[in-house]
Amino acid sequence: MTHFLDIDQTPQSQLRHIISHAQEMKTARAGQPKGAIDHDRPLAGHMVALIFEKPSTRTRVSFDVGVRQMGGETMVISGTDMQLGHGETIADTARVLSRYVDLIMIRTFEEQTLLDMAEYATVPVINGLTNRTHPCQIMADIMTFEEHNGPIAGKKVVWSGDGNNVFASFAHAAKQFDFDLVFTGPEPLDPEPDLKGLYTTVRDPMQAVQGADLIVTDTWVSMHDPQSARERRHNQLRGYQVNDALMAGANPDALFMHCLPAHRDDEATSSVMDGPQSVIFDEAENRLHVQKAIMRHCLGV
Ligand code: CP
Ligand code: NVA
């Protein structure tokens, strides 16, 4: 069974293949309407379940459109609609769903939910974000970087802000795609301890961005963070805002990324988000292309 659970769980050569395949598929359908079906209809006859226990715009729409472009069918299910929220185990849910669908994408809270789904499903499972990681996003980000500025190997990527789930997948990617990752953020919001060794920490953001080829940030309050922590987090993270001064400290051709949704003028200023170095909407578009390649990888089609 080929699941796509995390960037550190898929061999390097397969990650590379997914990105080049995504690029090929993107090029092949350039200029066509979004609803046009890919000529080879690789997912014809396939049913895909898209499960969301948290809100989503990009993941939901890009997976749904991606499956349809490949000639397959989707079923979007919210966590609260299912018996999952009413005491049925993940294991039983996984075994039942596997009798109806060919592929499961799940966005959930605890990583254990994803792992249980993968253990008990008899069809492939894709991670559409957990409290711990967001691998599909970072696959799109690697593709986006390389489209704009060439191979990411040997480049310097600086994450400014919360050491959260999106950072964790960047840390996995740093090893798999061989780039240097620097974390700059306040100590209480340091990344999870198991990621040590995959990145270096520089507390001063201006010092951190020197020589950077890419600056990345994300929301200061993630979906799994309690709203009661909002004010404290804002106070801790204010000094790590990505603004024009911080961008000016990086290499002149450095790119700016944010997985979105953003809180404009909190973690990044609108001047940066809408500025010439920003590739945020290319990242969003590439979710579609890279996830199509991930689904084909999982299904072997
Ligand atoms: N970046 C991302 O995953 O966005 P959504 O939460 O809208 O899916
Ligand atoms: N860190 C954010 C990412 C959203 C795509 C969250 O988990 O809410």
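Residues numbered from 1 in each chain as written. Chains lettered and ligands numbered in written order. Predicted model: local features only at pLDDT ≥ 70, side-chain atom pairs only at ≥ 80, totals over all residues. Heavy atoms only, no water.

Visitor: What is the right way to look at the overall build of the protein chain in this model?
Guide: Along the protein chain, the regular secondary structure elements total eleven helices and nine strands. A principal-axis box enclosing the C-alpha atoms of the protein chain has dimensions of 55 × 45 × 30 Å. Looking at the 301 residues of the protein chain, the share that counts as buried comes to 57%. A sequence separation of at least 24 residues applies to 73% of the contacts in the protein chain between residues at least 6 apart. (Helix = DSSP H or I, 4+ residues; strand = E, 2+ residues; numbered from the N terminus. Buried < 20%, exposed > 50% of the residue type's maximum accessible area, 1.4 Å probe, protein only. Contact = heavy atoms within 4.5 Å.)

Visitor: Explanation requested: the site of ligand 1 in the structure shown.
Guide: Around ligand 1 sit S56, T57, R58, T59, R107, H134, Q137, C259, L260 and R287, and those are all the residues in its vicinity. Between ligand 1 and T57, the relevant distance is 2.7 Å, taken from an oxygen atom to a main-chain nitrogen or oxygen of the residue. Within the side chain of Q137, a nitrogen or oxygen atom sits 3.0 Å from a nitrogen atom of ligand 1. Here ligand 1, which alone exposes 260 Å², has 96% of that area covered by the protein. (Near = heavy atom within 4 Å. Polar contact = N/O pair within 3.5 Å; in protein donor to acceptor, adjacent residues only side chain to side chain. Areas by Shrake-Rupley, 256 points an atom, 1.4 Å probe, with all protein chains shown as cover.)

Visitor: Which parts of the structure should I look at to understand the site of ligand 2?
Guide: Taken together, L129, N164, N165, V166, D218, T219, S222, M223, C259 and L260 are the residues near ligand 2. D218 is positioned such that a nitrogen or oxygen atom in its side chain is 2.7 Å from a nitrogen atom of ligand 2. The fraction of the free accessible surface of ligand 2 (270 Å²) that becomes covered by protein chains is 95%. Its residues assigned to classes, the shell around ligand 2 shows five nonpolar, four polar and one charged. (Nonpolar A, V, L, I, M, F, W, Y, C, P; charged D, E, K, R; others polar.)

Visitor: Honestly, the sheet that holds strand β7 (residues 200-201) in this entry has me stumped. Any pointers?
Guide: Where strands meet in a sheet, backbone hydrogen bonds hold them as pairs that are either parallel or antiparallel. Strand order in this open sheet of five strands is β7-β6-β5-β8-β9, and the pairing throughout is parallel. Two strands bound the open sheet, and with one partner strand each, they are β7 and β9 (255-258). The sheet contact formed by strand β5 (residues 156-160) and strand β8 (residues 214-217) spans three bridges and is parallel. Bridged to V158 within β8 is I215. (Pairing = 2+ DSSP bridges.)

Visitor: What is the right way to read the packing of helix α5 (residues 135-149) against helix α6 (residues 165-177) from this model?
Guide: The description of two helices packed together rests on the angle between their axes and the distance between the axes. The contact between α5 and α6 brings their axes to 9 Å, and the two run at 50 degrees. Of the possible angle classes, the one that applies to α5 and α6 is oblique. Crossing of α5 over α6 shows right-handed handedness. Together, P135, I138, M139, D141 and I142 of α5 and V166, S169, F170, A173 and F177 of α6 make up the contact between the two elements. Taken together, the residues that form the contact of α5 with α6 break down as eight nonpolar, one polar and one charged. (Axes fitted to C-alpha atoms, helices over the stretch in contact; angles between N-to-C directions. Parallel < 35°, antiparallel > 145°, perpendicular 65-115°, else oblique. Left-handed = near helix turned anticlockwise from the far one by under 90°.)

Visitor: Got a minute to help me understand unusual backbone geometry in this structure?
Guide: Negative phi values dominate among residues other than glycine, just as trans dominates among peptide bonds. Omega for the bond connecting L260 with P261 falls within 30 degrees of zero, at 5 degrees, which places this linkage in the cis form. The topology assignment puts P261 in the loop between β9 and α10 (270-273). Of note in this structure, L129 is not a glycine but carries a positive phi near 115 degrees. Positioned with a positive phi, D178 is a non-glycine residue whose angle comes to about 65 degrees. Structurally, D178 is set in the loop between α6 and β6 (180-184).

Visitor: I tried to follow the sheet that holds strand β3 (residues 103-107) on my own but got confused; where do I start?
Guide: A sheet is described by the order of its strands in space; here four strands give the open sequence β2-β1-β3-β4, paired in parallel fashion. Looking at strand neighbours, the two that pair on one side only are β2 (73-78) and β4 (125-127), the edges of this open sheet. In this sheet, adjacent strand axes meet at a mean angle of 20 degrees when their direction is disregarded.

Visitor: Please clarify how the environment of T27 should be interpreted in this entry.
Guide: Along the chain, the position of T27 falls in helix α1 (residues 12-28). The exposure class assigned to T27 is exposed, which follows from its relative accessible area of 55%. For the pair T27 and H289, spaced 262 residues apart in sequence, the C-alpha separation works out to 9.7 Å.

Visitor: Sorry if this is basic, but what is going on with the packing of aromatic side chains here?
Guide: For any pair of aromatic rings, geometry is given as the distance between the ring centres together with the angle between the planes. Under the criterion given, the structure shown has six aromatic pairs. On the basis of an interplanar angle of 90 degrees and a centroid distance of 5.1 Å, the ring pair of F167 and Y199 is categorised as edge-to-face. With a gap of 32 residues between them, F167 in helix α6 and Y199 in the loop between β6 and β7 connect regions that are remote in the sequence. When its relative accessible area of 13% is taken as the criterion, Y199 is described as buried. Pairing F183 with Y199 gives two aromatic rings, centres 6.2 Å apart and planes at 75 degrees, and the pair type is edge-to-face. Here F183 is found in strand β6, whereas its partner Y199 is found in the loop between β6 and β7, with 16 residues between them in sequence. The exposure class assigned to F183 is buried, which follows from its relative accessible area of 0%. An aromatic cluster of at least three residues, connected via ring pairs, comprises W159, F167, F170, F179, F183 and Y199. (Phe/Tyr/Trp six-rings, centres within 6.5 Å; stacked < 30°, edge-to-face > 60°.)

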